[in-house]
Amino acid sequence: MPKPNEYDASNIEPQVVIPPYRHTVKNVGDVEGTPITTAFIGSCASGRDEDLRIAARIMKGRKVNARVMFNVTPGSSDVMTRVAKETQ
């Protein structure tokens with residue numbers, strides 16, 4: 001049983017944000033087959049080194065479709081510099 005202020009996320013389905021508002025969230029399964037036009041990784045709250053390293057591993061050797069706007073926003077310029085050096 002989780003302690004107070006701890007949550008068991010093991011039964012939560014992956015989520016996606018549905019534009020135009022960042023608080024409009026749906027289960028991935030509910031939007032399966034919907035074309036993706038914009039992808040976003042990061043922000044001041046979640047553009048951490050480890051987030052960007054994982055994304056870089058996933059994207060290595062792959063290309064983003066020309067119809068998709070793919071934004072990567074590190075949490076700081078220090079994060080950007082460190083991760084860029086590590087993933088080149």
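You'll find the structure just up there.
Please read these numbers as outputs of a predicted model, since none were measured by experiment. (Residues numbered from 1 in each chain as written. Predicted model: local features only at pLDDT ≥ 70, side-chain atom pairs only at ≥ 80, totals over all residues. Heavy atoms only, no water.)

1. Description of the environment of G61
Heads up, the condition is: Numbering of helices and strands runs from the N terminus; a helix is a DSSP stretch of H or I covering at least four residues, while a strand is a stretch of E covering at least two. Using a 1.4 Å probe on the protein chains alone, a residue whose accessible area is under 20% of its type maximum counts as buried, one over 50% counts as exposed, and one in between counts as partly exposed.
Summarising the element assignment, G61 is placed in the loop between helix 1 (49-59) and strand 4 (69-73). According to the relative accessible area criterion, G61 is exposed, its value standing at 85%. Residues G61 and I36, 25 residues apart in the sequence, show an inter-C-alpha distance of 20 Å.

2. A few points about the packing of helix 1 against helix 2 (residues 77-87)
To be explicit about the condition: Fitting a line to C-alpha atoms yields each axis, with helices limited to the stretch in contact; the angle taken between N-to-C directions then spans 0 to 180 degrees. Here a crossing is called left-handed whenever its near helix is offset anticlockwise from the far helix by less than a right angle, and right-handed whenever the offset is clockwise. Whether two residues touch is decided by their heavy atoms; if any such pair falls within 4.5 Å, the residues are in contact. Amino acid classes used here: Ala, Val, Leu, Ile, Met, Phe, Trp, Tyr, Cys and Pro are nonpolar; Asp, Glu, Lys and Arg are charged; the rest, including Gly, are polar.
The geometry of helix 1 relative to helix 2 is characterised by a closest axis approach of 10 Å and an angle of 35° between their N-to-C directions. At the point where helix 1 passes helix 2, the crossing takes the right-handed sense. Side by side, helix 1 and helix 2 meet where D49, L52, R53 and A56 of the first sit next to V79, R82, V83, E86 and T87 of the second. In terms of residue class, the contact of helix 1 with helix 2 is built from four nonpolar, one polar and four charged.

3. Some details on unusual backbone geometry
The omega angle of the peptide bond from P19 to P20 is 15°, so this bond is cis rather than trans. When you line up the elements, P20 lands in the loop between strand 1 (15-17) and strand 2 (25-27).

4. Concerning the pattern of salt bridges
Side chains that differ in sign of charge can pair as their charged atoms come close. Worth spelling out the cut-off: Put simply, a salt bridge is a Lys or Arg side-chain nitrogen that is within 4 Å of an Asp or Glu carboxyl oxygen.
A full pass over the atoms with the stated rule returns five salt bridges. Between E50 and R48 there is a salt bridge, and its shortest N-O distance comes to 3.5 Å. E50 sits in the partly exposed class, given a relative accessible area of 37%. Assessed through its relative accessible area of 43%, R48 is described here as partly exposed. As a salt-bridge pair, R53 and E86 come within 2.5 Å of each other at their nearest N and O atoms. With R53 in helix 1 and E86 in helix 2, this residue pair connects regions lying 33 residues apart in the sequence. Judged by its relative accessible area of 26%, R53 is partly exposed. The exposure class of E86 is partly exposed, given its relative accessible area of 44%. Connected through salt bridges with shared partners, the residues D49, R53, R82 and E86 form a single ionic network.

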